[in-house]
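# Breakdown of the fold
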Amino acid sequence: MTSPTPSNSVTQVLGACPHDCPDTCALVTTVQDGVAVKLQGNPDHRHTAGVLCTKVSRYIERNDHPERLVQPMKRAGPKGSGRFEPVSWDAALDDIASRLNVLKGNNPQGILPYSYAGTMGLVQGESMDRRFFHKLGASLLDRTICSTAGGEALSFTLGGKVGMRVEFFAEARLILIWGSNSIASNLHFWRHAQAAKRAGARLVCIDPRKTETADKCDEHVALLPGTDAALALALMHELIVNDWLDHDYIQRHTIGWDKLRARALQWPPARAAAVCGVPEAQIVALARAYGTTRPAAIRLNYGMQRVRGGGNAARAVACLPALVGAWRERAGGLLLSSSGQYPVNRAALQRPDLLAGRRPRTINMSTIGDALTDTANPVEALIVYNSNPVAVAPDSGKVVAGFAREDLFTVVLEQFQTDTADYADILLPATTQLEHWDIHTSYGHTDVLLNRPAVAPRGQARSNTWVFRELARRMGFDEPCFSDGDEAVCRSAFAPEVVDFGELQAQGFATLKLPDAPFAEGNFPTASGRCEFFSEALAAMGQDGLPDHLPNHEAFGSSTEFPLAMISPPARNFLNSSFVNVRSLRAIEGEPLLEIHAADAAARGIADGATVRIFNQRGEHRCRAEISRRARPGVVHGLGIWWRKLGLDGTNVNQLTSQRLTDIGRGPTFYDCLVEVEAVAVPEPAAS
Ligand SMILES: Nc1nc2c(c(=O)[nH]1)N[C@H]1C(S)=C(S)[C@@H](COP(=O)(O)OP(=O)(O)OC[C@H]3O[C@@H](n4cnc5c(=O)[nH]c(N)nc54)[C@H](O)[C@@H]3O)O[C@H]1N2
Ligand SMILES: Nc1nc2c(c(=O)[nH]1)N[C@H]1C(S)=C(S)[C@@H](COP(=O)(O)OP(=O)(O)OC[C@H]3O[C@@H](n4cnc5c(=O)[nH]c(N)nc54)[C@H](O)[C@@H]3O)O[C@H]1N2
Ligand SMILES: [Mo]
């Protein structure tokens, strides 16, 4: 393991925030006598600027939490009971290795890793683990739970997860914040938006919910969930009929203009207004602003792609900057994710060559409920790390049924006893970011960050890499890559000419050398080198080559039984299901709530604060209702992602969400979900 800080000293250790957030902050941990006493944003890192969000400023509280898992345990009660008894590391690892060895011999594809972005670190998130499962020949996991719809859509349009640099938003004159609650989920971008606003820029928020970000913008377009493509096409319509187009840019740097033009002309604002549920005049005014203001920048975020047509919607929005030539300036264009900018040496980290020609099946993590309840091709062993699928995956009824299978062998590597950990056969205590090495890219800026361990692991906690190294050894995997230390893995992530490791060690971060305005002269990383309005690649897959509006699987107005659209975006003080167990943060969020518009509440006789039953064909979830000005009529919000076991009835919003997928990228459709809500009589507590 890594060496702890020498005692009797005060040191400052440079690190990186591991969480799944675009900001990837640089951290400075003050360690006294081997104990982390203070954690701050690194003031020398320009993107962090010494500022942390409320959540991560409480990271030490999370690290030192009395409920941290500190020893390996095995199940001591029925599946899901959460009852465990301690075992030694040797006993736990021997048991896992012998189980996996049997499957390795007769059905390696019966083994499934399940991991996501509990840590975004390249080392603890996608190195030794991948090597191990590649060598085993285990089923591959399609990691779709968050961003593949928008990410692949962007690749089909711009050529990758590329776009504007976040710092240049400060110089824009118009910013569309599209499907993003930036104050809650991308705080360090919001600084730039505020700077632009102070300099006179206009800020427009496009979001069904009147978020804290919408409150601070000049305008809020409260469209119905899943109608963003209709809005984007109507904006194009107006750009065309008013000739607010950059013909030179379109002609030289795009493909498919004639076809897109014809498509957009089918979307006059009145049509889009009806689909989106917003005033026609608001669309017309937004088009005028976008067509006549330079530079114009779009901060797109993943909130708008968690619906059936999410990929098409992201494509439609991503076409807008090319139409007006916004890319010509560094403060113009669009940013969804910057992760495609990093030349990460994934082959070195993950060693796909260890598959040795085998082509195991791929299982989509967004339909884990179906995969675990599929009896024809069963998953027999599941190894979960960096994720809490029982809480975060859609259609929890199915997910729980899968995890409850008596014949499924489940190993969970965790820092805490989450809803998923409750279902483990073997539960292994994991280190935190203060306790292990890692190296990080970002999806909101373009720096690389190094994380050094600041303190010794709590109790017997061990890093993910340590666990997979130990399992590899027990299974007789003797390739030298299974002995690589964590620091060596950090070093292998980038070629030395891309990232100077000495610089990373010295200051904790390194900046990629990139052009200011990447597409000023075209040069899109697509096959054609142009912005692809029409995608031959999509057409070849049998898809529409042009972006279009695809109504939700569960479109608003299509069901009388379930007339309300439910979205479940992130709560400000949680990070997905992480931090829900941190007392001071849970105190701010209170309890699971359903935000509902006064008219929808009145129609159902629901009083503010009443306990309600939210239900649809997949299940039901009880929580308290809040009559809220943040909700528009017809749309309710169940902010996520609470731990099920902290809910009134042991469920969370994912009891209602479906496993149906997006048009592009095989992604989940969390925000494409119709429900009905009713007040429930709560029995008076019995007098004692
Ligand atoms: N505090 C906090 N920060 C987070 C997270 C968190 O849980 N908490 N999660 C992190 C993760 S995993 C990610 S992927 C990123 C990005 O995560 P995102 O999920 O993009 O998060 P938000 O920025 O909150 O944006 C979601 C916004 O989209 C809105 N929305 C929902 N449906 C639609 C729609 O159909 N159209 C439009 N236009 N808007 C819609 C929601 O109301 C919400 O305000 O944020 C990360 N940052
Ligand atoms: N209804 C609804 N559901 C959603 C969403 C939504 O908006 N609405 N958002 C979706 C999105 S965008 C995402 S990204 C997913 C997120 O889903 P997940 O990636 O599962 O994220 P978390 O819920 O934060 O769970 C991460 C877990 O990893 C653990 N962890 C952290 N670091 C380490 C480590 O170093 N080692 C080990 N072994 N464990 C570690 C944490 O303790 C935590 O329990 O959820 C999705 N689910
Ligand atoms: Mo995410």
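Residues numbered from 1 in each chain as written. Chains lettered and ligands numbered in written order. Predicted model: local features only at pLDDT ≥ 70, side-chain atom pairs only at ≥ 80, totals over all residues. Heavy atoms only, no water.

Across its full length, the protein carries 25 helices and 27 strands. In terms of C-alpha radius of gyration, the protein reaches 25 Å, essentially the compact-globule figure of 26 Å for 688 residues. In terms of overall dimensions, the protein has a C-alpha envelope of 70 × 70 × 50 Å along the principal axes. Within the protein, buried positions represent 63% of all 688 residues. Taking as baseline every contact in the protein between residues at least 6 positions apart, the subset at least 24 positions apart corresponds to 77%. When the accessible area of the protein is evaluated, it comes to approximately 24,000 Å², of which 50% is carbon and sulfur surface. If the 70 positive side-chain charges of the protein are averaged to one point and the 74 negative ones to another, these points end up 1 Å apart. (Helix = DSSP H or I, 4+ residues; strand = E, 2+ residues; numbered from the N terminus. Rg over C-alpha atoms; globule rule 2.2 N^0.38 Å. Buried < 20%, exposed > 50% of the residue type's maximum accessible area, 1.4 Å probe, protein only. Contact = heavy atoms within 4.5 Å. Areas by Shrake-Rupley, 256 points an atom, 1.4 Å probe, with all protein chains shown as cover. Lys, Arg positive; Asp, Glu negative; His and termini not counted. Charge placed at Lys NZ, Arg CZ, Asp CG, Glu CD.)

Here the focus is the site of ligand 1. As a matter of local geometry, ligand 1 sits amid 35 residues, with Ser185, Asp207, Asp228, Arg306 and Phe574 nearest to it. Here an oxygen atom of ligand 1 and a backbone polar atom of Gly179 are 3.3 Å apart. Bound to the protein, ligand 1 loses 98% of the 880 Å² it would expose on its own. Looking at the shell around ligand 1, its residues break down into 19 nonpolar, 9 polar and 7 charged. (Near = heavy atom within 4 Å. Polar contact = N/O pair within 3.5 Å; in protein donor to acceptor, adjacent residues only side chain to side chain. Nonpolar A, V, L, I, M, F, W, Y, C, P; charged D, E, K, R; others polar.)

It is worth spelling out unusual backbone geometry at this point. At the junction of Arg294 and Pro295, the peptide bond is cis and its omega measures out at -15° in the coordinates. Residue position: Pro295 is located in the loop between α14 (280-292) and β12 (296-300). Backbone torsion omega between Gly640 and Ile641 reads -15°, so that peptide bond is classified as cis. With respect to the helices and strands, Ile641 occurs in the loop between β26 (635-638) and β27 (674-679). With a phi angle near 50°, Ala356 is a residue other than glycine that sits in the positive phi range. By the secondary structure assignment, Ala356 is in the loop between α16 (346-350) and β14 (362-364).

Our focus in this paragraph is the nonpolar core. By size, the foremost hydrophobic cluster in this structure holds 83 residues, and its most contacted members are Trp178, Tyr290 and Leu320. Aside from chain neighbours lying at most four places away, what touches Leu320 is Trp178, Ala232, Leu235, Met236, Leu239, Tyr290 and Ile298. (Core = buried A, V, L, I, M, F, W, Y, C linked by side-chain atoms within 4.5 Å.)

Pairing is antiparallel in the open sheet, where 3 strands are placed in the order β18-β19-β20. The sheet is open, and its two borders are formed by β18 (438-440) and β20 (509-511), each paired with just one other strand. Here the strands of the sheet are splayed against their neighbours by 15° on average, with no regard to which way each runs. When strand β19 (residues 447-451) meets β20, the two strands line up antiparallel, connected through 3 bridges. Bridge pairing links Leu449 to Phe509 in β20. (Pairing = 2+ DSSP bridges. Axes fitted to C-alpha atoms, helices over the stretch in contact; angles between N-to-C directions.)

Among the 5 residues in strand β6 (residues 111-115), 5 count as buried, and that is most of the element. The alternating pattern of β6 places Ile111, Pro113 and Ser115 and Leu112 and Tyr114 on opposite faces, both of which are buried. Sheet analysis places β6 next to strand β15 (residues 381-385), joined by 5 bridges and oriented parallel. Each bridged residue has a counterpart across the sheet, and for Ser115 the counterpart in β15 is Tyr385.

What follows is about empty space enclosed by the protein. Using the criterion set out here, one finds 6 cavities of 30 Å³ or more in the structure. The computed volume of the second largest cavity comes to approximately 70 Å³. Looking at the lining of the second largest cavity residue by residue, the classes come out as 6 nonpolar, 5 polar and no charged. (1 Å grid on protein atoms, 1.4 Å probe; cavity = no way out; pocket = protein on both sides within 12 Å on 5 of 7 lines; lining within 4 Å. Points joined across faces, edges and corners; volume = space filled by probe spheres on them.)

This model, assessed by the stated rule, comprises 17 aromatic pairs. Their ring planes at 25° and their centres at 4.3 Å tell us that Phe519 and Phe524 sit as a pair that is stacked. Relative accessible area serves as the criterion here: at 4%, Phe519 is assigned to the buried category. Ring pairing ties together the aromatic residues Phe132, Phe133, Tyr385, Phe468, Phe477 and Phe482, which thus form one cluster. Its end group placed over the ring of Phe189, Arg299 keeps NZ or CZ at 5.8 Å from the ring centre. (Phe/Tyr/Trp six-rings, centres within 6.5 Å; stacked < 30°, edge-to-face > 60°. Lys NZ or Arg CZ within 6 Å of the ring centre and 35° of its normal.)

Quick look at helix α10 (residues 228-241) now. Residue pairs spaced three or four apart in an α-helix point in one direction, given the helix's 3.6 residues per turn. Between its first and last C-alpha, α10 extends 20 Å over 14 residues, near the 20 Å set by a 1.5 Å rise per residue. Where burial is concerned, most of α10 is hidden: 13 out of the 14 residues are buried. A positive phi of about 50° marks Asp243, the residue just after α10. (Expected span 1.5 Å × (residues − 1).)

A few words now on helix α5 (residues 128-136). Along α5, 8 of the 9 residues are buried, which leaves the element largely enclosed by surrounding structure. Residues Met128, Asp129, Arg130, Arg131, Phe132, Phe133, His134 and Leu136 constitute the buried set of α5. Positive backbone phi, approximately 80°, marks Gly137, located one or two places after α5.

It is worth spelling out the pairing of strand β8 (residues 174-178) at this point. Burial analysis of β8 places 5 of its 5 residues in the buried class, the great majority of the element. Of the two faces of β8, the one carrying Leu174, Leu176 and Trp178 and the one carrying Ile175 and Ile177 are both buried. Two elements, β8 and strand β9 (residues 202-206), share 5 bridges in a ladder whose sense is parallel. Bridging across to β9, Leu176 finds its partner in Val204. Looking at chain direction, β8 and β12 are connected through 5 bridges and run parallel. Bridging from a neighbouring strand, Ile177 pairs with Arg299 of β12.

The method is simple in principle: a probe with the dimensions of a water molecule rolls over the atoms, and the space it marks as empty is what remains. Of the pockets and cavities examined, the largest pocket occupies roughly 990 Å³. Contributing to the lining of the largest pocket are 40 residues, with Tyr116, Glu126, Arg143, Lys161 and Arg346 lying nearest its centre. Looking at the lining of the largest pocket residue by residue, the classes come out as 14 nonpolar, 18 polar and 8 charged. Roughly 280 Å³ of volume is contained in the second largest pocket. Every residue lining the second largest pocket is counted, 17 residues in all, and those nearest its centre are Arg209, Ala571, Glu589, Glu595 and Leu639. Of the residues in the lining of the second largest pocket, the class split is 7 nonpolar, 2 polar and 8 charged.

Our next topic: the site of ligand 2. Near ligand 2 you find 32 residues, and of these Ser387, Glu414, Ser577, Ser578 and Tyr671 are the closest. The backbone of Asn388 places a nitrogen or oxygen atom 2.9 Å from an oxygen atom of ligand 2. With the chains in place, 97% of the 920 Å² that ligand 2 exposes on its own is no longer accessible. Taken together, the residues that form the shell around ligand 2 break down as 13 nonpolar, 15 polar and 4 charged.

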